[in-house]
Amino acid sequence: MQLTERIHLVGSGEPDLATSDPLDSQVYLVDTGEGLACIDAGAGRSVERILAEVRTGGLAPDEIRWVLLTHGHADHAGGASAWRRRLPAIAIGASRSVAGWLETADEEATCVDRARRAGIYPPDYRLEPCAIDLVLEPGATIELGSIRLEIVPTEGHAAGHLAFVGEIDGALTAFSGDALFPRGRILLQDTWDCDLRLALRSVERLAALDPSRLLAGHLAPILEGARDHIQTALARIDRLAVPESIT
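The rules behind the values
Residues numbered from 1 in each chain as written. Predicted model: local features only at pLDDT ≥ 70, side-chain atom pairs only at ≥ 80, totals over all residues. Heavy atoms only, no water. Helix = DSSP H or I, 4+ residues; strand = E, 2+ residues; numbered from the N terminus. Expected span 1.5 Å × (residues − 1). Buried < 20%, exposed > 50% of the residue type's maximum accessible area, 1.4 Å probe, protein only. Pairing = 2+ DSSP bridges. Right-handed = clockwise from strand over helix to strand, strands pointing away. Contact = heavy atoms within 4.5 Å. Axes fitted to C-alpha atoms, helices over the stretch in contact; angles between N-to-C directions.

Between its first and last C-alpha, helix 7 (residues 226–238) extends 18 Å over 13 residues, near the 18 Å set by a 1.5 Å rise per residue. Regarding helix 7, the residues found buried are Ala226, His229, Ile230, Ala233, Leu234 and Ile237. Positive phi appears at Leu240, one or two residues downstream of helix 7, with a value of about 65°.

Along strand 11 (residues 213–216), one buried face is formed by Arg213 and Leu215 and the opposite face, lined by Leu214 and Ala216, is buried too. Two elements, strand 10 (residues 171–177) and strand 11, share 4 bridges in a ladder whose sense is parallel. The residue of strand 11 that forms the bridge with Thr173 is Arg213. For the handedness criterion, the β-α-β arrangement of strand 10, helix 6 (residues 196–209) and strand 11 is classed as right-handed.

Further remarks concern the sheet that holds strand 5 (residues 91–94). In spatial order, the strands read 1-2-3-4-5-6; together these 6 strands make up an open sheet with mixed pairing. Each of the sheet's edge strands pairs with one partner strand only, and the pair in question is strand 1 (7–11) and strand 6 (134–135). One ladder, built from 3 bridges, connects strand 4 (residues 64–68) with strand 5; its direction is parallel. Bridge pairing in strand 5 links Trp66 to Ala91. Against the sheet, helix 1 (residues 47–56) contacts strand 1, strand 2 (27–31) and strand 4, and its axis sits at roughly 150° relative to strand 1.

Right, let's get into the sheet that holds strand 8 (residues 147–153). Here we have 5 strands laid out as an open sheet, ordered 7-8-9-10-11, and mixed in their pairing. The strands lining the two open edges of the sheet, one partner per strand, are strand 7 (141–144) and strand 11. Taking each pair of neighbouring strands and ignoring which way they run, the sheet shows an average axis angle of 25°. Relative to strand 8, helix 6 is tilted by about 150°, and along the sheet it contacts strand 8, strand 9 (162–168) and strand 10.

See below:
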């Protein structure tokens, strides 16, 4: 599903949004002019369906050079090892803490064990180890072809969470993962690494960048007018209230 000149939605667990597998987060594809970059990897059961969507969009899977992970929860990062098997030359990037957890397939740190017990993942779902090529440092930038993305620390929903913000097609675009969603919503869960105060500060950090697009890890992409959605969250924070959670 082509969203803009350079951005495609190639995977999702959302009905009617390039659906690849119900377990998947959104998987965005960015044409950098010098190769393709994916934001998040999905849960790992649908790589071939995602690559079929890439082809449907007129792009070549073997041009995918990077997969950047917003955080370590399995719907976003569990597919990293499957991507590696399918496209051995890709470079996979994650924050330092998430990199360590994925390389050792730490299901406790990534909350896979807890989510499996809760029925979010099926009983046979397992996190597979995957080497991480790029350690993404908060506050730094990463050059992907002609695209430069700022690596924004956005912990709160999950430890080691990052967002990626940059100018694409002339519009400041925020790939916010699970830090911020349409209508100013956030995602709070009963996991060891979910921290409300950090989540609110992350919303404020994204708001300060003032993106015009908000491409979150779930729900429909916001391709213009993201400020209105962000302001909805800020208005609640200003009243010492908590933004609505999507769960």
